[in-house]
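What the coordinates show
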Amino acid sequence: MASTEAGEAGKENTTTSEDVPSPSAKVVLITGGNSGIGFKAAELFLKAGNYDVILACRSEERGTDAVTRLKSLVPETEATFMKLDLASLKSIHEFADAFHATGKPLNILVNNAGLTQGFRDTERKFTEDGYELTFGVNHLGHYLLTNLLISDLKKIADSEGEARVVVVSSELHDPDDIPSMKEKTVTPFEFDNLQFEKPGTYTGLRAYSRSKLANVLFTYELARRLEGSNVTATAMTPGFIPETGLSRNSGAFMNFMLNYILKPVFRWRNISRTLDHGAGMVFDLATKEEYKGVTGKYFKDNKEKESSKLSYDQEIAKKLWEVSADMVKYEEAKAL
């Protein structure tokens, strides 16, 4: 497996009494918070003050190092690491149990972690539970995590008037922008080939696009199911940010092209964005008064945008929700 944000499982979550924030602090949980957009967003929360930030990521070494770096940047702040492997249903359940054991509330959930295999790869990789890796981590892992924490979000929304879920998707969620998704061998969202089980249909790009489309479908369906609860759900694209390291699995040639040829061109043409830009969007959607009560929407460059045509298909979204509940073996999600 190749990602800094999902993978190895096995070490226990630990917290101490000194990690528990003051009663007035808002608790923010960021998946994949040890690097990239997640780390920068954590820094923004801490600099804003009165936020307790939990970095949920798979590597204890990188997670604790990220906490150390954050505390050096913003001293005397509440930042902790908790182990979460989104490629393992067992790890996700263990994380939820460990979080509940802290006694902390949950004001903001940022589903940020993600991975991709090389876009030209044609060999599938799998999660611990046997699901295609990209779909398993980017969608199923966050789907289960969110459902396990829904009661926490509802509880704080009842007492404080709101809770927010922010989902980091991608412009590549739109199958109309990906010619290979229109080939006869594959369609954008087919439930009998959800994980590209059919021979000759898998590529890393198709898998990533479908998982990001699932993120948007999930966000919209979550917003519908939480209507009236004061828990909001929004999706966003941070734009193309080379520094996220998302292309790390694309091979030496593609990484050379990206870093030394395409990156300067993209900057010149104003196509690429920065980590600060992406993190700023996360922070704004999670905290700003102007987004209070805004739910079931998709954002780009801090503005509400239309997502792909397919993402508004409520029948697909509802079916994906039900199928996902079966896949992660969490029937309680169907009752939400």
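So, how was this worked out
- Residues numbered from 1 in each chain as written.
- Predicted model: local features only at pLDDT ≥ 70, side-chain atom pairs only at ≥ 80, totals over all residues.
- Heavy atoms only, no water.
- Pairing = 2+ DSSP bridges.
- Helix = DSSP H or I, 4+ residues; strand = E, 2+ residues; numbered from the N terminus.
- Salt bridge = Lys/Arg side-chain N within 4 Å of Asp/Glu carboxyl O.
- Buried < 20%, exposed > 50% of the residue type's maximum accessible area, 1.4 Å probe, protein only.
- Expected span 1.5 Å × (residues − 1).
- Contact = heavy atoms within 4.5 Å.
- Polar contact = N/O pair within 3.5 Å; in protein donor to acceptor, adjacent residues only side chain to side chain.

With an unreviewed UniProt entry as reference, the chain is termed WW domain-containing oxidoreductase, source organism Holothuria leucospilota.

Once that is clear, we can look at the pairing of strand S7 (residues 297-300). Here strand S6 (residues 231-237) runs beside S7; their pairing, made up of four bridges, is parallel. Looking at S7, one finds that Ala235 is bridged to Tyr298. By the bridge criterion, three bridges tie S7 to strand S8 (residues 303-305) in an arrangement that is antiparallel. The partner of Phe299 across the bridge, within S8, is Glu304. Hairpin geometry of S7 and S8 is characterised by an intervening segment of two residues between the two adjacent antiparallel strands and by a positive phi of about 50° at Asp301.

This brings us to the pattern of salt bridges. By the definition in use, this model includes 16 salt bridges. Lys300 is paired through a salt bridge with Glu171; the nearest N and O atoms lie 2.8 Å apart. With Lys300 in strand S7 and Glu171 in the loop between strand S5 (163-168) and helix H5 (204-225), this pair connects stretches of sequence that are 129 residues apart. For Glu171, a relative accessible area of 33% gives the class partly exposed. The salt bridge involving Lys297 is made with Glu304; its shortest N-O contact spans 3.8 Å. Taking relative accessible area as the criterion, Lys297 reaches 33% and is therefore assigned partly exposed. Each of the salt bridges in this network shares a partner with another, and the network as a whole consists of Glu221, Arg224, Arg225 and Glu322.

Along its 13 residues, helix H1 (residues 36-48) runs 19 Å from first to last C-alpha, staying within 8% of the 18 Å computed at 1.5 Å per residue. Every buried residue of H1 is accounted for by Gly36, Ile37, Gly38, Phe39, Ala41, Ala42, Glu43, Phe45 and Leu46. Those residues of H1 that are buried are in contact with strand S1 (26-31), strand S2 (51-57), helix H2 (60-73), strand S3 (78-83), strand S4 (108-111) and helix H7 (275-287).

Below, the discussion takes up the side chain of Ser170. Turning to its location among the elements, Ser170 is positioned in the loop between S5 and H5. For Ser170, a relative accessible area of 11% corresponds to the buried category. A distance of 3.0 Å separates a polar atom in the side chain of Ser170 from the backbone nitrogen of Leu172. With near-sequence residues (within four places) excluded, Ser170 lies in contact with Tyr208, Lys212, Met236, Thr237 and Tyr298.

Glancing now at unusual backbone geometry. Unlike most non-glycine residues, Asn50 shows phi in positive territory, near 65°. Within the fold, Asn50 resides in the loop between H1 and S2. Of note, Asn230 is a non-glycine position whose phi angle comes to about 70°, a positive value. Structurally, Asn230 is set in the loop between H5 and S6. Note on Asn230: relative accessible area 43%, which makes it partly exposed.

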